[in-house]
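Each chain, written out:
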Amino acid sequence: MLITSLLPLMTHYSLGFDLVAGPDETVTLTILPRKVAGATHNPQAAEARPISITANAAEIDAELERGADGALGQLIASRKTLADQIAQQREADEAAKTAAAQAAAV
């Protein structure tokens with residue numbers, strides 16, 4: 001069930017996991033989004049940053065079972081949106097610099 005829930009995310013990212021037991025039956029799950037081999041999408045730095053979740057095992061299972069609709073999916077999506085916005089702003093900045101340089105050359 002867990003892997004099936006994560007399949008939609010895995011179309012865009014390869015996911016690495018690290019589990020560490022904590023006090024009071026808590027677990028820290030660190031998820032490492034990476035580029036899928038052969039994919040055309042190159043995750044930006046913001047998308048590929050590790051994500052850590054600390055809770056009890058049942059809470060983590062329940063959240064991960066929600067797949068793309070859960071906290072993990074929403075966090076990756078918001079990071080992608082932010083990375084897209086940053087890329088668009090950089091493109092606009094470069095276009096403005098080029099236009100300014102061309103105007104100054106005339």
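As the structure is a computational prediction, the values presented were derived from the model and not from experiment. (Residues numbered from 1 in each chain as written. Predicted model: local features only at pLDDT ≥ 70, side-chain atom pairs only at ≥ 80, totals over all residues. Heavy atoms only, no water.)

1. Let's talk about the sheet that holds strand β3 (residues 51–56)
Alright, step 1. On the basis of which strands lie adjacent, the open sheet formed by three strands has the order β1-β2-β3 and antiparallel pairing. Whereas interior strands pair on both sides, the edge strands pair on one side only; in this sheet they are β1 (13–21) and β3. Averaged over all neighbouring strand pairs, the angle between strand axes comes to 25°, with direction disregarded.
Alright, step 2. Pairing between strand β2 (residues 26–35) and β3: six bridges, direction antiparallel. Looking across to β3, one finds that Ile 31 is bridged to Ile 51. (Pairing = 2+ DSSP bridges. Helix = DSSP H or I, 4+ residues; strand = E, 2+ residues; numbered from the N terminus. Axes fitted to C-alpha atoms, helices over the stretch in contact; angles between N-to-C directions.)

2. Some remarks on a nonpolar patch on the surface
Alright, step 1. A cluster of nonpolar side chains, contributed by Ile 3, Leu 7 and Met 10, occupies part of the molecular surface with about 270 Å² of accessible area.
Alright, step 2. Mapped onto the secondary structure, Met 10 falls in helix α1 (residues 2–10). (Patch = residues over 30% accessible without salt bridge, like charges linked within 9 Å, V, L, I, M, F, W, Y side chains within 5 Å. Areas by Shrake-Rupley, 256 points an atom, 1.4 Å probe, with all protein chains shown as cover. Salt bridge = Lys/Arg side-chain N within 4 Å of Asp/Glu carboxyl O.)

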